[in-house]
Amino acid sequence: MVVLKKVVIDPGHGGADPGALSADKKVKEKDITLSVSLKLGDLIKRNYPGIEVIYTRKTDVFVALDKRTEIANKNKADLFISIHVNAAVARAATGSETFVMGADKSSSNFEVTMLENSVIMMEGEDYATRYEGFEPNNPESYIIFTLLQNAHLEQSLEMASLVQKHFNNGPIKVSRGIKQGPLLVLWKTSMPSVLIELGFISNPLDFKILNNRANHDKFAALIFNAFKEYKQIYDKDYSNGRDTAAKEVIPGNGVQLFPDSNKKVVKQQSETHYRIQIMAVNKVLRSNSPDLKGRDANYIKVGNLYKYTIGEYPSINMAKEDLVSVRRDFPQAFIIVVRDGTIIPLNK
Ligand SMILES: [Zn+2]
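Residues numbered from 1 in each chain as written. Predicted model: local features only at pLDDT ≥ 70, side-chain atom pairs only at ≥ 80, totals over all residues. Heavy atoms only, no water.

Some thoughts on the overall build of the chain
1) Next: If you tally the helices and strands in the chain, you get 9 helices and 12 strands.
2) Next: Taking all 348 residues of the chain together, the buried fraction comes to 53%.
3) Next: About 15,800 Å² of surface is accessible on the chain, with carbon and sulfur atoms providing 53% of the total. (Helix = DSSP H or I, 4+ residues; strand = E, 2+ residues; numbered from the N terminus. Buried < 20%, exposed > 50% of the residue type's maximum accessible area, 1.4 Å probe, protein only. Areas by Shrake-Rupley, 256 points an atom, 1.4 Å probe, with all protein chains shown as cover.)

Pasting the structure below:
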């Protein structure tokens, strides 16, 4: 059985790159991220002696973004947690948010994305080669991400939603939710990965909280709680390659999924069919929600996520035909297989 056994913790910035600064420039993002990261690692090691914790840095040193990714990939980590502190020109901006990799550059997420990516300009003149011609401050550069297929998006979203859920009980209660953005540090990680922005150093109230070391223990504990819950779901649901946590589907379209096999099955299709998954979100959307772009979609609830799907196809080729047009609205859409009431990875 596969279980989560290696986690990479990535304290944002470091060394010559201080990250975001407080108004008086005395408090630096890099120190807060390191403090919270080390505390988080300690909690994981203490509670799960079998889990290996790897840091991208343990001291105040500069580490390039691609090096951070490389550390995670080379170690074949099961989860990548990057910890950051936000900043905005508007001092009123407050709250925590958790990013997963995505192509969305349509909203205010882009401001954070550009800020976090701009560090590569400190990485020497070859950065453009190393990041495939990427220019952090040129919006056109972000087009390379629109072709992105993130195999680990769902698990990343799962972890992100758990972090934001636990942050509701934290020292900074405002949650800005889960965001998708083309973040270079997450781009090429080959495992589920999240980037947590604890709060805004530019906001007077957030700053007061972030600048108090006792709160670093609290942030670490909250991320740990999310990790613990994620591990439970991950070990149970993804260990044998099946989404055994698949719980329900909205009525009306064939398949019904139930929390456990002891419950009476009212209706269950045994044959295999295909659907196109367009997104996974942490809440139910209105049927006229603009996020669905006018599409007729159903959801399947798996863990804390609602996986929105389009269509029900008897053959994969029929699903593939539709996928082309669906991807015009949802570039990250992909085909899923539903068999005996559970979602099965396509490669099985
Ligand atoms: Zn940062």
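Describing the packing of aromatic side chains
1) Next: Under the counting rule described, the total for this entry stands at 6 aromatic pairs.
2) Next: Here Tyr48 and Phe227 contribute two aromatic rings whose centre-to-centre distance is 6.0 Å and whose plane-to-plane angle is 75°, an arrangement assigned as edge-to-face. Taken as a pair, Tyr48 in the loop between helix H1 (29-47) and strand E2 (52-55) and Phe227 in helix H8 (residues 213-237) lie far apart in primary sequence, 179 residues in all.
3) Next: Here a set of aromatic residues connected by ring pairs shows up, and it is made of Tyr48, Phe224 and Phe227.
4) Next: In this structure, Lys188 packs its charged tip against the face of Trp187, placed 4.4 Å from the ring centre.
5) Next: Seen from the ring of Phe330, Lys293 lies directly overhead, with NZ or CZ sitting 5.2 Å from the centre. (Phe/Tyr/Trp six-rings, centres within 6.5 Å; stacked < 30°, edge-to-face > 60°. Lys NZ or Arg CZ within 6 Å of the ring centre and 35° of its normal.)

Some words on the nonpolar core
1) Next: Ile81, Leu198 and Phe227 are the most contacted members of the largest nonpolar core, which has 44 residues in total.
2) Next: Secondary structure elements with two or more residues in this core: strand E1 (6-11), H1, E2, strand E3 (79-86), helix H5 (153-167), strand E6 (193-200) and H8.
3) Next: With 10 residues, H8 is the largest single contributor of residues to this core.
4) Next: Setting aside anything within four residues of it in sequence, one finds Ile81 in contact with Val7, Val8, Ile9, Asp10, Leu40, Met159, Val194, Ile196, Ile223 and Phe227.
5) Next: Phe99, Val112, Tyr131 and Met191 belong to the second-largest nonpolar core, a separate cluster that totals 23 residues. (Core = buried A, V, L, I, M, F, W, Y, C linked by side-chain atoms within 4.5 Å. Contact = heavy atoms within 4.5 Å.)

Examining the sheet that holds E3
1) Next: Read from one edge to the other, the open sheet built from 6 strands follows the order E2-E1-E3-E6-E4-E5, with strand pairing classed as mixed. Whereas interior strands pair on both sides, the edge strands pair on one side only; in this sheet they are E2 and strand E5 (175-181). Within this sheet the neighbouring strands show an average axis-to-axis angle of 20°, counted without direction.
2) Next: Relative to E2, E1 runs parallel, the two sharing 4 bridges. The residue of E2 that forms the bridge with Val7 is Val53.
3) Next: Running over the sheet, H1 touches E1, E2, E3 and E6 and is turned about 145° from E3.
4) Next: Strand contacts of H5: E3, strand E4 (96-101), E5 and E6, with the helix running at about 175° to E4, the strand carrying the most contacts. (Pairing = 2+ DSSP bridges. Axes fitted to C-alpha atoms, helices over the stretch in contact; angles between N-to-C directions.)

Section: the pattern of salt bridges
1) Next: In this structure the tally under the stated criterion is 13 salt bridges.
2) Next: Note that Lys74 is salt-bridged to Glu70, the shortest N-O span being 3.1 Å. Residue Lys74 and its partner Glu70 are located together in helix H2 (residues 65-74), separated by 4 residues, close to a single helical turn.
3) Next: Assessed through its relative accessible area of 63%, Lys74 is described here as exposed.
4) Next: Three or more residues joined by partner-sharing salt bridges are found here, namely Asp66, Glu123 and Arg130. (Salt bridge = Lys/Arg side-chain N within 4 Å of Asp/Glu carboxyl O.)

Structural notes on H5
1) Next: The terminal C-alpha atoms of H5, which comprises 15 residues, lie 21 Å apart, in line with the 21 Å expected from a rise of 1.5 Å per residue.
2) Next: Within H5, 14 of the 15 residues are buried, which leaves the element mostly enclosed by the surrounding structure. (Expected span 1.5 Å × (residues − 1).)

A word on the coordination of the zinc ion
1) Next: For the zinc ion, the protein coordination sphere consists of His13 (NE2), Glu29 (OE), His84 (ND1), Glu116 (OE) and Glu116 (OE), at 2.0 to 2.4 Å.
2) Next: Written as a sequence motif, the donor residues of the zinc ion are H-x15-E-x54-H-x31-E. Residue Glu29 is found in helix H1, and its partner His84 is found in strand E3; the two are separated by 55 residues along the sequence.
3) Next: Taking relative accessible area as the criterion, Glu29 reaches 2% and is therefore assigned buried. (Donors = N, O, S within 2.8 Å, 3.2 Å for Na, K, Ca; no water.)

Looking at the side chain of His216
1) Next: Among the secondary structure elements, His216 is positioned in helix H8.
2) Next: A polar atom in the side chain of His216 sits 2.8 Å from the backbone oxygen of Leu210.
3) Next: Here His216 is in contact with Ile32, Ser35, Val36, Lys39 and Leu210, once residues within four sequence places are set aside. (Polar contact = N/O pair within 3.5 Å; in protein donor to acceptor, adjacent residues only side chain to side chain.)

Section: the confidence of the model for the chain
1) Next: With 82% of its residues at a pLDDT of 70 or more, the chain shows a mean pLDDT of 82.
2) Next: The low-confidence segment residues 239-270 (pLDDT under 50) makes 75 contacts with residues lying over four places distant or belonging to another chain. (pLDDT = per-residue confidence, 0-100.)

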